[in-house]
Each structure stands twice: as structure tokens, then as C-alpha cells.
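# A look at the structure
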Amino acid sequence: MSKLPFQTLKAFSDAHPKPSNRHFQYGTAGFRTLGSTLDSVMFRVGVLAGLRSKRLDGKTIGVMVTASHNPEQDNGVKLVDPRGEMLEASWEGHATVLANAATTDEFLTALDALVKAVKIDVSKPARVVYARDTRSSGPALVAALEDGFKALGIEARDAGVTTTPILHYLVKAINTKGTPESYGEDSEDGYYKKLSGAFKKLVAGKTEPEPLVIDCANGVGAHAAAKLAEYLGNSIPLVLENIATSTPGVLNESCGADYVKTTQRLPPNLVDKLKPGQRACSLDGDADRLMYYYLDERGHFYMLDGDKIAALVAAFIVDLVRLAGLDSEIKVGVVQTAYANGASTKYLSERLPVKCVPTGVKHLHHAAEHYNIGVYFEANGHGTVLFSPTTQEKLAKHEPSTPAQSTALNHLINLTQLINQTVGDALSDMLLVEVVLTHKSYSGVEWNSLYADLPNRLVKVVVSDRNAFRTEDAERRLVSPHGLQTRIDELVRRYGGGRSFVRPSGTEDVVRVYAEASVRSQADGKDYPHVIGTSTYVVFVTELAFRVAGLVYDEAGGDPSRRPKEFL
Ligand code: 16G
Ligand code: MG
């Protein structure tokens, strides 16, 4: 077995020293922190991507440089496995070890150990495809990444500035090229063609929808949405907003899917641009999350989040499977996390199997693979639909016995082309939503009325060590610190039921507290149409969240003099 090119690796590595005062962790979204600290991490991830490719016989690995919805000064990097999925979990640990080697010598030693431990044949070829979002720290970080590629002699393809889901698409398209599982042309244009082609077939003969406003978060989604719009032609009128990708300081600032979800508000600069009832949606900074919303005649804001998308889409697919005459053979299921609104879980469970898994795309994605058709969405707007290989084969071979069956079958086949099955994709999901709304002749109002959200509240608690918090039961219960869960249970009971859970964040040094009311209606004698409002239940659930936050803060040994005053 040949050896790693240690001399070359050493020379390159010396040019990318690790900052001594930093610890890096490959978390749920890869490495993500202040962009200015990531030079050594990028270089080392470059090398690691090559080793991963060699380990997988030269299959192409994806590398995405982005910090998604985080503030503009942050950046990050994550690896994509050959089928377009998140990096296999066991390699997250290898990434963390390499990133934290204090010196070049330690880095080389760690590389050598990794090669031996996972039995990498270094003589195998290594191939990667990489991309970045629009952050200004991107070019320098990509240069460091490219040094990693050069140091190991990797065959690298630059996909330029593009969205995370397009990079995932490319990885899968490259690795399936020329095979029966071919995922599409391995180019960005191939992606737009595939999605727009399927969309046009799905809405053929239907009434053209009203214009849809897209808040692009001033990020890379603006580029992709503009190109997609060209391919879509007049099949759907799109109005792009927040497209200032080269203006410093505006990325994700008071806009984007995360802003909308966490503040439960419309981006302020859209207020005057939306007509009552007009559909609008927000992408996040790398266009893998989607939030829909609309304003009513009185200017009240209604949010349609990942849970509402799951409800809309899952019910539509279940109907199509039944109409195609395939309901005895193809089972549809849904995957959610503990953050799913209780009302959505109730709505969905009454119709199909629902599973709850820990936060993070990799957990949802893998659980969804266990269904024939698996719909997964996080409340934050990240999700997709997976059609298992045997289901896709069944759809291709099934012989419909009536024209109605044939139509439904074709719709299902076109959905497999419209949906980016590698990962959540805001633009693909947006077209999916538009297809369902068009087929059902729904406006946002009808969609929103599938179920009414229970009032809920999310609170962050800064703690000295989030690793002291460990959970079980898909993050719904704490196992440590010992005794804290019992006290949370008591509080929740005192508040007349509802739901609250505490989990350590996988992306920030904080612990998150979620609280939800158990009842929604007739709170103050008025009908309770949506979560935003002055209902006693909103007050109630906010109070519960802050009480739990207070418990967590004290339990974690938080400094009493710096205890946030809203914690009860
Ligand atoms: C990352 C995850 C997302 C999850 C979020 C939770 C991926 C690609 N993204 O953004 O799925 O909802 O982290 O963040 O897995 P938290 O752990 O900080 O709450
Ligand atoms: Mg994102």
C-alpha cells in the first residue's frame, strides 16, 4: 500500500496553522463558527474529503462552504456523501480529531492513524465537487480548501457559488452518471431543467397561480431562484425580494426563513409589498429551508412552517397513491422531531404513520428511508420526500387500469423528478407546495386551516457546558443533569399540561427550551386562529418556557448576577 504524500501535506499544512485557542466540532451542520477562524479547518476538511473519496473507491464527495442562516460573519463547511446525503456519522468524529490537531506534526500523525484505522487505500483516486454560498469570507476559505485538495492530489471540480441542495444534487448526479439510477445531468442547468420540467408537467392544464413572492434572504438562493425562474417561464410568476447578495451586512438580516420562524414575523421590508392573501415564502442563507406565509385583510400574519408543509404534502401524496390504485403496496409515512407542533402531529397521525427522531437532517433522512414514501420536515422548514428505489420501480412498472389511475400515477412519477430527494431544498419544496396548492385550488387560508397551531415558545439558555445535558426518547426527555426532568415535569403539570422539553443545541453553545400549550381554542372567549396574538395561552406558554429556562440556568450553575431577567 502506498503512503500519504507527507512532504507535500506538511508544506501545505504549515501554511494553514490551527489557532491555538480554538476547539472545533463537526456538529449537525458540519463545522460552523466565525469565518475568520476557519482557515485551518478548511484546509484539513479538504484533505479529509479526499480520504473519504479514496475510502469509497474514488466516488465523488461534496464539500459545501456555508453557514446557512447564521449571521454573515460566520461561515462553515460540511461534507456530502456519494449518494448526496450527509456525511456518515462515524466520520464526524474523524473530522473533529483532524480539525483539532494542534500542530502540523500532530495533524500528519492523526491522518496516518485515520488511514490505518479505517483501512484507506491511499493509491485509490480521490474526487470532490465543492461550492460556497455568497458570504464574503467564502473565497479565502475556498482557497484554503483547495490547498487541501492540492496537498493530497485530489481531482476537484469547482461548482462555484451555489445553494447547498444544488451541491447535494450534483454529488448524486455525478456518482450515478451513466447508471440506471442516473439522477439527472451533472450540472446546475441539469438541476433547473429537471425541476422545471417536472413542475410544468404537474401543473399542465391548471390555472396559472397568482404571483408568489420569494424572500431570498439576500443569499445564494437569489441567484438560484432567478435562474430557476428563467426555466419556469410563465408556468408560475415569481417575484424575487431580498436579492442583495453583494451588499455587506444584509445576509439573513431581518429576513430569511430562520428570521421568520424564530420571530414568527414577516421580514419587515415585505410588509408593504404583500397584498392581502398573497402567498410569500422565505429561503434561508443557503436555500435549504423554506417558510411560507401570508397576511390577511387586517394585516395579520399567518405562518406556514415545515409542519404545515409536511401536512399539505403528505396528504396529497397519500391521495395520489390511493387514486393510482397502489395503496395496498405503497405505504407513506412521516418523520418529525420534538419541535413539530403538537397539532401537526395529531393531524398527521390520524392519517398515516408518524415517527419522531432527534433534531438534524441525518436522523430524519435515515428514518424516512424506512418508508416506501417517506415525508420528513423539521418545523424550521427543512425537509423533503424520499421515494424508495423499489417504490420508484413499482411506479415505473405499474399498469393503471383506468384513466384516473393513469393520471395519478403520472403525477407521482413527476413528483419523484420535482423533489430533490438528496436533502431539503427550499426551491424544490416551494415548487412542490405550489403544485399541491394548484391541484387543490387552495389559497394560503385553506392550507392554513388544515389544523391550527398550538401556541409555542422557544427560549435559548447560555450555559457553560451544553454537553452536561443529555437526552433520550428523541430528545423529548433529559437523562442528565440528574433530577432536572422530574422538576420540568412538575412545572408542566402545574401549568395544566402542555409540553416542554430541553435539549442541547448541536450548532451553538446553548441549551434550547421548547414549550407548547395543550389547548388552543376559546382562550379568551375568541376563536384562536393562529399562534400570533394576545391569547392567554401565548402568555401561558411564554411563562412556562421562561420558568423551564430558569430551572435550566440554575441547574447548570449559571452566575446568579447574570441571570437573564426574563427567566422566572
Ligand atoms: C442544523 C441542522 C438542522 C437542525 C438545526 C438544529 C442539518 C443539515 N441542519 O441546522 O436540521 O434543525 O441544526 O440546530 O442537519 P440546533 O441543534 O442548534 O437547535
Ligand atoms: Mg440552511
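In the nomenclature of an unreviewed UniProt entry, the chain is known as Phosphoacetylglucosamine mutase of Agrocybe chaxingu. Listed under Sequence similarities (unreviewed entry) in UniProt, the entry text for the chain is "Belongs to the phosphohexose mutase family." UniProt, in its Function (unreviewed entry) section for the chain, records the words "Catalyzes the conversion of GlcNAc-6-P into GlcNAc-1-P during the synthesis of uridine diphosphate/UDP-GlcNAc, which is a biosynthetic precursor of chitin and also supplies the amino sugars for N-linked oligosaccharides of glycoproteins."

## Some thoughts on the packing of aromatic side chains
Tallying each qualifying case throughout the model produces 17 aromatic pairs. Taking the centre distance of 5.2 Å and the plane angle of 85° together, the rings of Y26 and F31 count as edge-to-face. With 5.0 Å between their ring centres and 5° between their planes, Y294 and Y302 make a pair best called stacked. Like Y294, the residue Y302 is buried in the burial classification. Among the aromatic residues, those joined into a cluster by ring pairs are Y169, Y183, Y191, Y192 and Y231.

## Observations regarding the environment of T438
Its place among the elements puts T438 in helix α15 (residues 426-440). Note: C-alpha distance between T438 and E208 (230 residues apart in sequence) is 8.1 Å.

## A word on the coordination of the magnesium ion (ligand 2)
At this site the magnesium ion (ligand 2) is bound by S68 (OG), D284 (OD), D286 (OD) and D288 (OD), with donor distances of 2.0 to 2.2 Å. Of note, the magnesium ion (ligand 2) draws all its donor residues from one chain, in the sequence arrangement S-x215-D-x1-D-x1-D. Note on D288: relative accessible area 6%, which makes it buried.

## Describing the UniProt feature "binding site: substrate" (unreviewed entry) in the chain
In the numbering used here, UniProt assigns the "binding site: substrate" (unreviewed entry) feature to E378, A379, N380, R503, P504, S505, G506, T507 and R512. Mapping E378 onto the fold places it in the loop between β13 (373-377) and β14 (383-387). Relative accessible area serves as the criterion here: at 6%, E378 is assigned to the buried category. Excluding residues that lie within four positions of it along the chain, E378 makes contacts with G306, D307, T337, T359, G360, V361 and L364. Here G360 takes part through its backbone nitrogen, which lies 3.2 Å from a polar atom of the side chain of E378. In this fold, T507 is placed in the loop between β18 (499-504) and β19 (510-516).

## Regarding the nonpolar core
Judged by nonpolar contacts, the single largest core of 83 residues is most densely connected at Y292, I317, V385, L415, L418, M430 and W447. Those residues in contact with W447 that lie beyond four places of it in its chain are Y292, L304, K308, I309, L312, V433, L437 and Y442. Counting residues in hydrophobic clusters, the runner-up holds 45 residues, among them V41, F43, V115 and L152.

## Notes on the site of ligand 1
For ligand 1, the set of nearby residues contains 13 residues, the closest of which are E378, S505, G506, T507 and R512. In the model, an oxygen atom of ligand 1 is placed 3.3 Å from a nitrogen or oxygen of the T28 main chain. Surface burial for ligand 1 is 92%, taken as the share of its 450 Å² of free accessible area covered by protein chains.

## Let's talk about the sheet that holds β19
On the basis of which strands lie adjacent, the open sheet formed by three strands has the order β15-β19-β18 and antiparallel pairing. This sheet does not close on itself; its edge strands, each paired only once, are β15 (456-462) and β18. Here the average twist between neighbouring strands, direction ignored, is 15°. As defined by bridge partners, β18 adjoins β19 across six bridges and the pair is classed as antiparallel. Paired with F501 across the strands is Y514, a residue of β19.

About the criteria used
Residues numbered from 1 in each chain as written. Chains lettered and ligands numbered in written order. Predicted model: local features only at pLDDT ≥ 70, side-chain atom pairs only at ≥ 80, totals over all residues. Heavy atoms only, no water. UniProt positions renumbered as here; feature names shortened; annotations may be inferred. Phe/Tyr/Trp six-rings, centres within 6.5 Å; stacked < 30°, edge-to-face > 60°. Buried < 20%, exposed > 50% of the residue type's maximum accessible area, 1.4 Å probe, protein only. Helix = DSSP H or I, 4+ residues; strand = E, 2+ residues; numbered from the N terminus. Donors = N, O, S within 2.8 Å, 3.2 Å for Na, K, Ca; no water. Contact = heavy atoms within 4.5 Å. Polar contact = N/O pair within 3.5 Å; in protein donor to acceptor, adjacent residues only side chain to side chain. Core = buried A, V, L, I, M, F, W, Y, C linked by side-chain atoms within 4.5 Å. Near = heavy atom within 4 Å. Areas by Shrake-Rupley, 256 points an atom, 1.4 Å probe, with all protein chains shown as cover. Pairing = 2+ DSSP bridges. Axes fitted to C-alpha atoms, helices over the stretch in contact; angles between N-to-C directions.

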